[in-house]
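Coordinate inspection notes
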Amino acid sequence: MRINFAIIIYYSVGFILLSKDIMDYKIIRQLRKEHNWTQDQVAEMLWVSRVTYNLIENWRTSRDPYIDQFQDIFDVSFSALECTNIQKEKSVDVNIYEKSKELILYIISKTSQLPNVWKTVLYKMLYFCEFDWFEETWERFTWMDFIKLPKWPAPQGFDFMINKMFKDNEIIPVNARFMWYTQQRYLINRRLENVFIVGEKQKFVDSIIDRFKEMNASEISEYSHWDIPWKVTSDMNVIDINLVNSRMYPYSVKARKMALDQDLNQLTNNPAFSFLLDEEDLYEDVI
């Protein structure tokens, strides 16, 4: 019997490609289950029917048109979607968890009514809290580490912390619509008692919130992409916080303060401004 090697090669290659597809779709199912989401919930985030999502998850249709959305939803890179060995979220040190939890809850309490602040915006606020505070004081804020994802910095162990807060009945995760996106947001389910975030730290966190609360996810992502610590780090690696020393304006805290002082000096040295001050002093004297 003659063996057609071309047919054997054809079916062998086809089997390899099919095996790779099966691997990919198993990863999507694995990630969905790790987030404790139903197929209906992920289908809503993708803006597809549950039937269509079921076809995607069970390798009956291509996931390629949805790859960007999957990266956003599951906070993973394209390379992670190609790998069967996805690492589960590790637990977080107790001291880091308590400080991080208070910071997360405080930011949520201040932003839960803002339609543009959701999970990925929360990521960046946490990132700038940690890195700006370190640049300004040379002290760590919570000791959270951050991973460079392809589109933004993400706090390591975030899902672990959020799941623990949910199990402890401290927050309620919700999915909300904003424009054409489905957002993952959080609501506080208990009275907020600040122990760690008080005084100067509270003022500092408030300044970070005020700085970014008007930005949507795309705007703050674009902004964070030019911050040196994130920019020079390879994907899926921990961002070295000491890289804040290489920051430039407008990311550097010191550079922003210097620019503000220069603007203030120019303003106070302006003759028109001096005239206004004289008028104000004269008005006070009349009163």
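So, on to the nonpolar core. Judged by nonpolar contacts, the single largest core of 49 residues is most densely connected at Leu103, Ile104, Ile107, Leu126 and Val205. Mapped by element, the contributors of at least two residues to this core are α6 (94-111), α7 (119-137), β1 (146-148), α8 (158-167), α9 (200-212) and α10 (217-224). No other element matches the 11 residues that α7 contributes to this core. Leaving out residues up to four positions away in the same chain, Val205 has contacts with Leu103, Tyr106, Ile107, Cys129, Phe141 and Ile197.

Moving on, we get to the confidence of the model for the protein. The predicted coordinates should not be examined in detail at positions where pLDDT is low. Summarising the model, the protein shows a mean pLDDT of 78, and 76% of its residues fall at 70 or more. Segment residues 7-23: pLDDT under 50, and seven contacts once partners within four positions in sequence are set aside and those in other chains are kept. Contacts of residues 282-287 to residues separated by more than four positions or lying in other chains number zero contacts, the stretch itself having pLDDT below 50.

For the coordinates displayed, the defined rule picks out 15 aromatic pairs. Ring centres of Phe128 and Tyr223 lie 5.8 Å apart, and the angle between their planes is 55 degrees; on these two criteria the pair is classed as tilted. Here Phe128 is found in helix α7, whereas its partner Tyr223 is found in helix α10, with 95 residues between them in sequence. Taken together, the aromatic side chains of Tyr127, Phe128, Phe131, Phe146, Phe212, Tyr223 and Tyr251 make up a single cluster linked through ring pairs. Over the face of the ring belonging to Trp230 we find Lys148, whose NZ or CZ atom lies 4.2 Å from the ring centre. Above the face of the Phe128 ring, Arg211 is positioned so that its terminal group lies 5.3 Å from the ring centre.

Before going further, it helps to spend a moment on empty space enclosed by the protein. A full pass over the atoms with the stated rule returns two cavities of 30 Å³ or more. Taken as a whole, the largest cavity holds about 90 Å³ of empty space. Lining the largest cavity are Ile108, Thr111, Ser112, Val117, Trp118, Leu122, Arg185 and Tyr186. For the lining of the largest cavity, the elements supplying multiple residues, two or more each, are α6 and β4 (181-188).

What counts, and at which threshold
Residues numbered from 1 in each chain as written. Predicted model: local features only at pLDDT ≥ 70, side-chain atom pairs only at ≥ 80, totals over all residues. Heavy atoms only, no water. Core = buried A, V, L, I, M, F, W, Y, C linked by side-chain atoms within 4.5 Å. Buried < 20%, exposed > 50% of the residue type's maximum accessible area, 1.4 Å probe, protein only. Helix = DSSP H or I, 4+ residues; strand = E, 2+ residues; numbered from the N terminus. Contact = heavy atoms within 4.5 Å. pLDDT = per-residue confidence, 0-100. Phe/Tyr/Trp six-rings, centres within 6.5 Å; stacked < 30°, edge-to-face > 60°. Lys NZ or Arg CZ within 6 Å of the ring centre and 35° of its normal. 1 Å grid on protein atoms, 1.4 Å probe; cavity = no way out; pocket = protein on both sides within 12 Å on 5 of 7 lines; lining within 4 Å. Points joined across faces, edges and corners; volume = space filled by probe spheres on them.

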